[in-house]
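The lines below spell out each chain.
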Amino acid sequence: MSIVQVPKGMKVLKYGAYSLEDTEGLALLVKEGSKLTPRFAELRDYSDKPVKVAPHQSSDIYYLARLKITSLPKKSARYCKFEYRQGDREFTQTLDCEVELTGK
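Trainee: When you look at the nonpolar core in this model, what are you seeing that I'm missing?
Mentor: Where a protein is soluble and globular, its nonpolar side chains tend to be buried together. In terms of nonpolar packing, the biggest core is built from 5 residues, these being Y18, A27, F40, Y62 and L64. Setting aside its immediate chain neighbours within four residues, A27 contacts P38, F40, Y62 and L64.

Trainee: How should the side chain of S19 be read in this particular structure?
Mentor: Within the secondary structure, S19 is located in strand β2 (residues 10-19). Overall, S19 belongs to the buried group, its relative accessible area being 4%. A polar atom in the side chain of S19 sits 3.0 Å from the side chain of D60. What S19 contacts, discounting residues up to four positions off in sequence, is Y46, D60, I61 and Y62.

Trainee: What should I look at first to understand the state of the cysteines in this one?
Mentor: Two cysteines form a disulfide when their sulfur atoms are joined by a covalent bond. Under the criterion given, the structure shown has 1 disulfide. Across a sulfur-sulfur distance of 2.0 Å, C80 and C97 are joined as a disulfide pair. When the S-S torsion is 90°, as for the bridge of C80 with C97, the disulfide is right-handed. Residue C80 is located in strand β4 (residues 77-86), and its partner C97 is located in strand β5 (residues 89-99); the two are separated by 17 residues in the primary sequence.

Trainee: Help me understand the packing of aromatic side chains in this model?
Mentor: A ring pair, where both rings are aromatic, is described by two values, the distance of the centres and the angle of the planes. Applying the stated rule across the entire model yields 2 aromatic pairs. Centroid distance Y84 to F91: 5.4 Å. Interplanar angle 20°. Geometry classified as stacked. We classify Y84 as partly exposed; its relative accessible area is 36%. Here the basic side chain of R44 rests over the ring of Y46, its NZ or CZ set 4.6 Å away from the ring centre.

Trainee: How should I be thinking about a nonpolar patch on the surface in this particular structure?
Mentor: Taken together, L20, L26, L28 and L29 make up a surface patch of nonpolar side chains, about 430 Å² in accessible area. Mapping L20 onto the fold places it in the loop between β2 and β3 (61-69). Judged by its relative accessible area of 32%, L20 falls in the partly exposed class.

Trainee: Please explain the side chain of D45 as it appears in this structure.
Mentor: You can see D45 is positioned in the loop between β2 and β3. For D45, a relative accessible area of 19% translates into the label buried. Of the polar contacts made by the side chain of D45, one reaches the side chain of S47; its length is 2.8 Å. Excluding residues within four positions of it along the chain, D45 makes contact with K14, Y15, G16, A17 and Y18.

Trainee: Can you walk me through unusual backbone geometry in this structure?
Mentor: Trans is the common state for peptide bonds, and a negative phi is the common state for residues other than glycine. The phi dihedral of H56 is positive, around 65°, even though this residue is not glycine. The topology assignment puts H56 in the loop between β2 and β3.

Cut-offs used in this document
- Residues numbered from 1 in each chain as written.
- Predicted model: local features only at pLDDT ≥ 70, side-chain atom pairs only at ≥ 80, totals over all residues.
- Heavy atoms only, no water.
- Core = buried A, V, L, I, M, F, W, Y, C linked by side-chain atoms within 4.5 Å.
- Buried < 20%, exposed > 50% of the residue type's maximum accessible area, 1.4 Å probe, protein only.
- Contact = heavy atoms within 4.5 Å.
- Helix = DSSP H or I, 4+ residues; strand = E, 2+ residues; numbered from the N terminus.
- Polar contact = N/O pair within 3.5 Å; in protein donor to acceptor, adjacent residues only side chain to side chain.
- Disulfide = S-S within 2.5 Å.
- Phe/Tyr/Trp six-rings, centres within 6.5 Å; stacked < 30°, edge-to-face > 60°.
- Lys NZ or Arg CZ within 6 Å of the ring centre and 35° of its normal.
- Patch = residues over 30% accessible without salt bridge, like charges linked within 9 Å, V, L, I, M, F, W, Y side chains within 5 Å.
- Areas by Shrake-Rupley, 256 points an atom, 1.4 Å probe, with all protein chains shown as cover.
- Salt bridge = Lys/Arg side-chain N within 4 Å of Asp/Glu carboxyl O.

In C-alpha cells form, the structure reads like this:
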C-alpha cells in the first residue's frame, strides 16, 4: 500500500501493516504518543512479507501510513495504491482515499 498524492507540507515517514488483534481494532487518524494510540513500534509489522487472504474472506491485517506535517499543507493526501497477486497474476488497484491533516 502507498499513498499516490502526498502534497507539499506532508511527508510519509513509514508504511506498515498491523493486525486488528494487536491494535485492538482499526486505528485510523491516531496521534502518536496519545494514551489510546497503539504503540506501533512495539508491535509486529506484517509489511515485510506478503499477507495471504483466503477466497471470500477478509484479512485482519490493515495498512497504515505514518505522516508528518512539515509545513502547512494546502491539499489533502489522496489515493491509496494497493499491489497484490492473485494466483500467477499481479494487480495494481488505486482507490480514492483522502486524508486531510492540518498543522496547529
